[in-house]
Amino acid sequence: MGLHRVVEPAGVLPQAAWRLDADPRIASNEVRIRVERLNLDAASFRQLSEKHGGDGEKVRAEVLEIISARGKMQNPVTGSGGMLIGTVEEAGRRSPLGLRPGDRVATLVSLTLTPLMILDGLARWDGRSEQVPCDGYAILFARSIAAVLPADLHPELSLAVLDVCGAPALTARVVAEQVQRRQRAGDARPVRVAVIGGAGKSGSLSLAAARRAGAGRTVGVVPVAAERDALVAAGLADAVALADARDPVGLSTAVTTAFGAPADVTVVCVDVPGCEHGAILATEDGGTVIFFSMATSFAGAALGAEGLAADVTMLVGNGYVPGHAELALGLLRAEPGVRRLFEARLAAD
């Protein structure tokens, strides 16, 4: 679990630690990765960019400062990190990860718990995109997760998909369970799924996963006309609604109008705070809200549901579901609309 890498405070797990030891010498159950690219969590990058008014040099300097001070990438405001790709340099003889030197991999655990050192000062990054070209190294523990990059996809595309692969996997599981419950009860009503932030990375994958899991109706909610047009063209949702997810009544109205009723499952994939109450209002009593965003206030969600007397199940999307990497990459390969949205985002970055 990497407890021996915790510098301070003592006794906590690496994710909760303020500082980790990024010594490149590995224990017998660790793996050292030569890092070539980071993918910053969307909420973290947005916070840093807004803090510095879009000044890429200042964003780059703060990311370097965080990594240098903490031995890992963990935004002190959002608490989130991201993930990375690189090549295995050395694998300890007792490592259970099955990785070998020369394997090109993406880590499927957060940078918030990954010992990390940057060697090039992020000289090739302009501070204006979530993906960060770099040279450095990172350490994986026995309880870490990594996936060998597929040969048929560009590494940057794979990284973007694997960064959010937990979202479609959890969405598929929850939707399939809802469908099965209705079938057992003889209830012929379609399961309605709303994805807030449907044109983004996790949102587009979640829409595709919901449809494949048996959702009868889907709606993607986006904040601006350009995203609405892109999502309509992608064909991933039965309806696309325009609403600010931070406006509880506006969001609820948009979803209810699109469906003619609240959603049975609402998936929150936005990277801005303040979207909890709208998602709750947009969900039918007895339904489920999946918060798959590091910008979520979980206290706000819990207290908001209580204050609204909303009988909804609220799930934290923790980023890991067995088989999540394969499912997400499969959706990218099989769904042209998903791939177009991802490639357009990478091109814009």
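See above for the structure.
Draft legend 1. Seen up close, the state of the cysteines. Evaluated as defined, the whole model comprises zero disulfides. Unpaired in terms of disulfides, C134 finds its nearest cysteine sulfur in C165, a separation of 20 Å. A disulfide-free cysteine, C165 has its sulfur positioned 13 Å from the sulfur of C269, the nearest such atom. The class of C165 is buried, set by a relative accessible area of 2%.

Draft legend 2. Layout of the nonpolar core. Counting residues in hydrophobic clusters, the biggest one holds 49 residues, and the most contacted among them are L162, V193, L205, L236 and F342. Residue contributions to this core peak at six residues, all from helix α4 (residues 166-184).

Draft legend 3. Structural context of the environment of P273. In this fold, P273 is placed in the loop between β12 (263-268) and α8 (276-281). By relative accessible area, P273 is classed as exposed at 55%. When the C-alpha atoms of P273 and A243 are compared, they prove to be 15 Å apart, with 30 residues separating the residues in sequence. Residues within four places of P273 in sequence aside, it is in contact with R246 and A295.

Draft legend 4. Structural view of the side chain of E276. Within the fold, E276 resides in helix α8. Buried E276, no salt bridge; nearest opposite-charge side chain is R246, N-O distance 10 Å. One polar contact links the side chain of E276 to the main-chain amide nitrogen of S297, over a distance of 2.7 Å. When neighbours within four sequence positions are excluded, E276 is seen to be in contact with F291, A295, T296, S297 and A301.

Draft legend 5. Structural view of helix α3 (residues 155-162). In terms of burial, α3 is largely enclosed, as seven of its eight residues are buried. For α3, the set of buried residues is P155, L157, S158, L159, A160, V161 and L162.

Draft legend 6. Inspection of empty space enclosed by the protein at higher detail. Applying the stated criterion to the full structure yields two cavities of 30 Å³ or more. Lining of the largest cavity is provided by V268, V270, V272, P273, G274, C275, E276, F291, S293, A295 and T296. In terms of residue class, the lining of the largest cavity is built from seven nonpolar, three polar and one charged. Roughly 30 Å³ of internal volume is contained in the second largest cavity. Tallied by class, residues from the lining of the second largest cavity come to two nonpolar, two polar and four charged.

Draft legend 7. Spotlight on the packing of α3 against helix α10 (residues 324-334). α10 packs onto α3 with a crossing angle of 125° between their chain directions and a minimal axis gap of 9 Å. The angle between the axes of α3 and α10 places the two elements in the oblique class. The handedness of the crossing between α3 and α10 is right-handed. On α10, the residues that touch L157, V161 and L162 of α3 are A325, A328, L329 and L332. Split by residue class, the contact of α3 with α10 holds seven nonpolar, no polar and no charged.

What counts, and where the lines are drawn
- Residues numbered from 1 in each chain as written.
- Predicted model: local features only at pLDDT ≥ 70, side-chain atom pairs only at ≥ 80, totals over all residues.
- Heavy atoms only, no water.
- Disulfide = S-S within 2.5 Å.
- Buried < 20%, exposed > 50% of the residue type's maximum accessible area, 1.4 Å probe, protein only.
- Core = buried A, V, L, I, M, F, W, Y, C linked by side-chain atoms within 4.5 Å.
- Helix = DSSP H or I, 4+ residues; strand = E, 2+ residues; numbered from the N terminus.
- Contact = heavy atoms within 4.5 Å.
- Lys, Arg positive; Asp, Glu negative; His and termini not counted.
- Salt bridge = Lys/Arg side-chain N within 4 Å of Asp/Glu carboxyl O.
- Polar contact = N/O pair within 3.5 Å; in protein donor to acceptor, adjacent residues only side chain to side chain.
- 1 Å grid on protein atoms, 1.4 Å probe; cavity = no way out; pocket = protein on both sides within 12 Å on 5 of 7 lines; lining within 4 Å.
- Points joined across faces, edges and corners; volume = space filled by probe spheres on them.
- Nonpolar A, V, L, I, M, F, W, Y, C, P; charged D, E, K, R; others polar.
- Axes fitted to C-alpha atoms, helices over the stretch in contact; angles between N-to-C directions.
- Parallel < 35°, antiparallel > 145°, perpendicular 65-115°, else oblique.
- Left-handed = near helix turned anticlockwise from the far one by under 90°.

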